[in-house]
Amino acid sequence: MELPSQDIEDAGPVEADEATTALLAGGYHRDRLLASIALTLGLGLLIALPFALREGAEFFLPVTAALVVAIALVPLLEWLERRGVPSGLAAFFCLIFFIAIANMAVAAIVVPASNWVSLLPSRIGMIRTTVRPLVDVYASLNKSVGELANSIALSKAHAHTVSIEAPNSLLSLLTTSAPFAIIQLFFAMLAIYFFLAGWTRARRYSITSRANFTSAMTLARVIQEVVDATSSYIGTITVINATLGCIVAAAVYVIGLPTPLMWGGLVALLNYVPYLGPLAGASLLALGGLMTFADPWTAALPPLVFIGLHLVEANIVTPTIVGRRLTINPLLILVSLSFWGWVWGTVGAVLAVPLLLIVHTVLDTAGRPDIAGFLFERGTLTAGRRKDHQGPPPFA
């Protein structure tokens with residue numbers, strides 16, 4: 001129900017109060033209706049989006065990865081532009097910088113790792129010999145348990161024969177998937193370049209095209225905080241992981257494990273994946289130790305050294321350097337990790353934390369939907385940014 005303002009002014013005090021109440025009630029119910037429609041559409045999109053992203057991974061995965069990398073490179077782009085470098089040339093320099101780092105990582109990790117994979121079938125016997133004492137202990141314990149089970153009239157389970165096949169189909173798998181992977185990589189590089197080349201112009205246009213000053217300032221704040229948070233997180237974590245990788249490489253070199261640069265790079269790369277990455281790194285180091293050393297205690301040194309270094313990094317170094325602003329709630333990390341890992345596999349797990357940080361920064365800066373207030377307090381699904389907010393509450 002809408003009443004003209006002139007009719008309200010001409011009416012008496014009682015009628016004016018009733019008209020104003022009716023006007024406010026009509027606007028409130030309209031807002032509730034629009035919020036209900038928005039909430040319903042949002043829930044439908046939330047349910048359908050994961051399946052769409054998973055089915056369209058060939059397109060969405062390189063685009064999303066390129067977006068995260070490009071946002072992380074924006075500070076370098078702006079630094080070059082402030083020194084008079086044209087946007088296109090600055091974007092090209094940023095892309096070359098990223099490609100150089102990626103090529104160094106590939107050369108340090110992928111090539112030696114392929115040699116280790118080719119050696120694995122021939123080292124199976126050595127691994128069995130090294131772990132034989134542990135197997136004997138396990139066999140003795142298993143025999144004791146079996147005798148105890150027989151003594152109380154339990155049936156003994158039949159032994160199963162397990163055959164281990166060498167990974168001889170890896171080359172054919174890489175051969176069939178390489179052309180498509182190259183196309184995706186080239187597409188991602190183009191996306192990074194054009195995103196960076198048009199970044200300054202697009203940001204300026206998006207801000208100046210706003211209808212009012214408040215919305216323009218809100219958009220500018222959202223863009224700046226997303227760039228600052230994402231680039232700060234990725235840059236800081238990259239420095240920490242690279243330092244950890246160098247220390248691990250030096251440690252395994254002293255121990256005598258071949259290709260120490262590969263192990264350091266592998267540990268640094270896996271450390272981008274919270275929780276699961278360090279576990280995978282320790283497992284691979286244990287496998288490398290078993291393939292190299294005949295003594296089980298010497299073979300256990302590489303994973304034990306890495307676990308000790310990772311505990312120091314995760315509990316002392318990272319919280320001290322990253323600080324409270326970029327400290328992420330473990331529950332949110334697990335949810336994001338499981339979600340993006342399910343959608344896009346290993347690459348999704350690597351992108352999980354940056355994507356979580358981007359989404360949270362946008363919601364925290366622009367204002368997040370107040371679903372609880374809408375459902376339980378007769379709200380209208382809107383909640384502004386808290387004035388006293390100093391950092392993301394779920395990330396604190």
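Residues numbered from 1 in each chain as written. Predicted model: local features only at pLDDT ≥ 70, side-chain atom pairs only at ≥ 80, totals over all residues. Heavy atoms only, no water.

Q: Go over the overall build of the protein with me, naming the residues and quoting the values.
A: Each helix and strand in the protein was counted, giving 14 helices and 0 strands. Reading the secondary structure of the protein in the N-to-C direction produces α-α-α-α-α-α-α-α-α-α-α-α-α-α. The proportion of buried residues among the 396 residues of the protein is 32%. Summarising the internal contacts of the protein: among those between residues at least 6 apart in sequence, 71% fall at separations of at least 24. Counting every atom, the protein has about 24500 Å² of accessible surface; 71% of that belongs to carbon and sulfur. (Helix = DSSP H or I, 4+ residues; strand = E, 2+ residues; numbered from the N terminus. Buried < 20%, exposed > 50% of the residue type's maximum accessible area, 1.4 Å probe, protein only. Contact = heavy atoms within 4.5 Å. Areas by Shrake-Rupley, 256 points an atom, 1.4 Å probe, with all protein chains shown as cover.)

Q: Before we move on, can you summarise the nonpolar core with the specific residues and values?
A: Counting 47 residues, the largest nonpolar core has L77, I192, L196, W340 and W344 as its most contacted members. For this core, the elements supplying multiple residues, two or more each, are α3 (57-82), α4 (87-130), α6 (170-197), α8 (213-255) and α13 (330-366). Dropping the residues within four chain positions of it, W340 is found in contact with L53, G345, G348, A349, A352 and L355. The next biggest cluster of nonpolar side chains, apart from the first, holds 18 residues, and it includes W116, L257, W263 and M291. (Core = buried A, V, L, I, M, F, W, Y, C linked by side-chain atoms within 4.5 Å.)

Q: How would you explain the side chain of H310 if you had to name every residue and give the values?
A: Here H310 lies in helix α12 (residues 301-322). For H310, a relative accessible area of 17% corresponds to the buried category. A polar atom in the side chain of H310 sits 3.2 Å from the side chain of E313. (Polar contact = N/O pair within 3.5 Å; in protein donor to acceptor, adjacent residues only side chain to side chain.)

Q: Kindly report on the environment of I124, identifying the contributing residues and their values.
A: Considering the arrangement of structural elements, one finds I124 in helix α4. Residues I124 and L290, 166 residues apart in the sequence, show an inter-C-alpha distance of 9.2 Å.

Q: An account of helix α10 (residues 276-292) is needed here, citing residue identities and associated values.
A: In a regular helix each residue adds 1.5 Å, so 17 residues correspond to 24 Å; α10 covers 25 Å between its end C-alpha atoms and thus fits that length. Those residues of α10 lying buried are G277, P278, G281, A282, L285, G288, G289 and M291. (Expected span 1.5 Å × (residues − 1).)

Q: Please provide a residue-by-residue account of a nonpolar patch on the surface, values included.
A: Together, L33, L34, I37 and L41 make up an exposed nonpolar region whose accessible area comes to about 410 Å². The topology assignment puts L41 in helix α2 (residues 13-55). What makes L41 exposed here is its relative accessible area of 59%. (Patch = residues over 30% accessible without salt bridge, like charges linked within 9 Å, V, L, I, M, F, W, Y side chains within 5 Å. Salt bridge = Lys/Arg side-chain N within 4 Å of Asp/Glu carboxyl O.)

Q: Just give me the short version of the packing of aromatic side chains, but keep the residues and values in it.
A: Under the defined criterion, the tally for this structure stands at 9 aromatic pairs. Ring geometry for F92 and F93: centres 6.4 Å apart, planes at 50°, overall tilted. Note on F93: relative accessible area 40%, which makes it partly exposed. Clustering of aromatic rings is evident, with ring pairs tying together F59, F60 and F187. (Phe/Tyr/Trp six-rings, centres within 6.5 Å; stacked < 30°, edge-to-face > 60°.)

Q: Mind laying out the confidence of the model for the protein, listing which residues take part and the relevant values?
A: On average, residues of the protein score 75 in pLDDT, and 69% of them reach the 70 mark or higher. The spread of mean pLDDT over the elements of the protein runs between helix α1 (residues 5-10), the lowest at 49, and helix α9 (residues 260-270), the highest at 90. Contacts for the low-pLDDT stretch residues 153-176, under 50 throughout, to residues beyond four places or in other chains number 7 contacts. With pLDDT under 50 throughout, residues 386-396 is counted as low confidence; its partners more than four residues away or in other chains account for 20 contacts. (pLDDT = per-residue confidence, 0-100.)

Q: Please provide a residue-by-residue account of the packing of α8 against α12, values included.
A: Running from N to C, α8 and α12 point in directions that differ by 155°, and their axes come no closer than 10 Å. With respect to their mutual orientation, α8 and α12 come out roughly antiparallel. The two elements α8 and α12 cross, and the hand of that crossing is right-handed. On α12, the residues that touch T236, I237, I240, L244, I247, V248, A251, V252 and I255 of α8 are L301, P302, V305, F306, L309, E313, T318, I321 and V322. Counted by class, the contact of α8 with α12 contains 15 nonpolar, 2 polar and 1 charged residues. (Axes fitted to C-alpha atoms, helices over the stretch in contact; angles between N-to-C directions. Parallel < 35°, antiparallel > 145°, perpendicular 65-115°, else oblique. Left-handed = near helix turned anticlockwise from the far one by under 90°. Nonpolar A, V, L, I, M, F, W, Y, C, P; charged D, E, K, R; others polar.)

Q: A description of the pattern of salt bridges should follow, citing residues and the corresponding values.
A: Considering all chains together, one arrives at 1 salt bridge under this definition. Of the charged contacts, one joins E78 and R203 as a salt bridge, the two residues approaching to 3.1 Å between their closest N and O atoms. Of the two residues, E78 is situated in helix α3 and R203 in helix α7 (residues 199-208); the sequence distance between them amounts to 125 residues. Overall, the relative accessible area of 22% leaves R203 in the partly exposed class.

Q: Outline unusual backbone geometry, supporting the account with residue identities and numerical values.
A: Not every positive phi belongs to a glycine, and T259 is a case in point at roughly 45°. With respect to the helices, strands and loops of the structure, T259 is situated in the loop between α8 and α9. Positioned with a positive phi, Y275 is a non-glycine residue whose angle comes to about 70°. Along the chain, Y275 turns up in the loop between α9 and α10.

Q: Tell me what's going on with the environment of L196, and back it up with residues and numbers.
A: Tracing the sequence through the fold places L196 in helix α6. Residues L196 and I71, spaced 125 residues apart in sequence, show a C-alpha to C-alpha distance of 8.3 Å. Aside from chain neighbours lying at most four places away, what touches L196 is A70, L73, V74, L77, A91 and C94.

Q: Outline the side chain of N271, supporting the account with residue identities and numerical values.
A: Structurally, N271 can be placed in the loop between α9 and α10. Its relative accessible area of 11% is what places N271 among the buried residues. Within the structure, the side chain of N271 is placed 2.7 Å from the side chain of N241, a separation counted as a polar contact. Setting aside residues up to four positions removed in sequence, N271 forms contacts with N241, L244, P278, H310 and E313.

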